[in-house]
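Analysis of the macromolecular model
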There are 2 protein chains.
Amino acid sequence: MKKGDQTRARIVEAARQLFERQGYAATGLQEILKESQAPRGSFYFHFPGGKEALAVAVIEAHAEAFGAGLQAALANAPDVVTAGRLAVELLAGQMEATACQAGCPVSAVTLEMASTAPALRDAAREAFEAWLGPVAARLEAEGLDPELARSRARAVVSALEGALILCRAYGHAGPLRDLSPLMPRLLGA
Amino acid sequence: MKKGDQTRARIVEAARQLFERQGYAATGLQEILKESQAPRGSFYFHFPGGKEALAVAVIEAHAEAFGAGLQAALANAPDVVTAGRLAVELLAGQMEATACQAGCPVSAVTLEMASTAPALRDAAREAFEAWLGPVAARLEAEGLDPELARSRARAVVSALEGALILCRAYGHAGPLRDLSPLMPRLLGA
């Protein structure tokens, strides 16, 4: 990775962690620069669109990161129900690793910005689509009607996103783990 | 209602609507005062603890409002699965009434403040408990083991909260309605 790309990646990662803990509006440029140890000029070089453009990059980075985890779960599991349980464990492990202090940055940005920033709303929708797509494809491969497969996959993404919020409020990963025994019902035939 | 109580209720309702659209940090005291047409002195009379104390009141008000809708659904439905579908329709109708511009203020405050404001985290957890409690009680009355009933009820609250977020990103109530046909699976025997 070139030095400029490394700086950009550091800025995105710092913003992602801050959005996960405290949301979009509470995260100032100053704090992002401090956490990423990036100079201000370098920030505007990589993100001429400012904080909103950075937030699009954060959503894209998170979409890719969780998407990779989901794809690995689907690749390693004998069936989609098992993959769903692996995804729950992946998220529960991440939640516990931060003592439930960090949630999903896509949800955070959506709740704060969907009504005023169409670019962020669209990026969030694309992140959700990127996650539910492979799940729906697997459900189809297991014999579900395409429309039903899509609806089921989106319901699972909803349930995971909601459980991540409840985990923050409860201070433990129980709300995520509630979903594990339900996976055969959510994703089964 | 006394005049002072009316002012307090107006402040809480204005803040609730603002948190629903743009979250906690983006909502300044000035905007709350303007929307509620309340004088600053009156704000500090009712909320000596400032914006954080107001946010606790917002969460409590929203917990009560959605809780009332949920209780009505449970009272009017022949079974818990039908009640779950009524709850989905209630939320979908509210989502559509704001053109998907307003979500759940409890989720918004949780994602922004759970890591730094224990009072808000606790209020959010109590809101979720207030919602899942009657659902779990009904599941128990329908024969489910208490622990399983609680876990199922919490999973439904997670799914609804997550779907509310996805609705913001998609710009329609489809993600909520994905949950309707799943209610027999989530809440059925």
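Everything discussed here concerns the structure shown above.
Quick notes on the rules
- Residues numbered from 1 in each chain as written.
- Chains lettered and ligands numbered in written order.
- Predicted model: local features only at pLDDT ≥ 70, side-chain atom pairs only at ≥ 80, totals over all residues.
- Heavy atoms only, no water.
- Least-squares fit on C-alpha atoms with pLDDT ≥ 70 in both.
- Contact = heavy atoms within 4.5 Å.
- Helix = DSSP H or I, 4+ residues; strand = E, 2+ residues; numbered from the N terminus.
- Buried < 20%, exposed > 50% of the residue type's maximum accessible area, 1.4 Å probe, protein only.
- Core = buried A, V, L, I, M, F, W, Y, C linked by side-chain atoms within 4.5 Å.
- Expected span 1.5 Å × (residues − 1).
- Polar contact = N/O pair within 3.5 Å; in protein donor to acceptor, adjacent residues only side chain to side chain.

1. Topic: the relation of the copies chain B and chain A
- The two copies are related by a screw operation: chain B maps onto chain A through 180 degrees of rotation and 0.0 Å of translation along the axis, at an RMSD of 0.0 Å. Such a combination of turn and shift is consistent with a two-fold rotation axis.
- The overlap is high: 100% of the interface residues of chain B also sit at the interface in chain A, so the same surface is used on both sides.

2. Looking at unusual backbone geometry
All names here are of chain B.
- Residues other than glycine seldom take positive phi values, yet glutamine 37 does so here, at roughly 50 degrees.
- Within the element layout of this structure, glutamine 37 appears in the loop between helix H2 (29–36) and helix H3 (40–46).
- Residue cysteine 100 is not a glycine yet carries a positive backbone phi of 60 degrees.
- Here cysteine 100 lies in the loop between helix H5 (80–97) and helix H6 (105–113).
- Of the residues examined, cysteine 100 reaches a relative accessible area of 4% and is grouped as buried.

3. Brief notes about the nonpolar core
- Membership of the largest hydrophobic core comes to 144 residues, with the highest contact counts inside it found for Phe128(A), Leu176(A), Phe128(B) and Leu176(B).
- In this structure, Phe128(B) is in contact with Ile165(A), Leu166(A), Ala169(A), Tyr170(A), Val106(B), Thr110(B), Val157(B) and Glu161(B), ignoring residues within four places of it in sequence.

4. Considering helix H5 (residues 80–97) of chain A
All names here are of chain A.
- Counted at 1.5 Å a residue, the expected span for H5 with its 18 residues is 26 Å, and the 25 Å between its end C-alpha atoms agrees.
- Listing the buried residues of H5 in full gives Val80, Val81, Ala83, Gly84, Ala87, Val88, Leu91, Ala92 and Met95.
- If you check the start of H5, you find a side-chain oxygen 3.2 Å away from the backbone N of valine 81, and it comes from aspartate 79.

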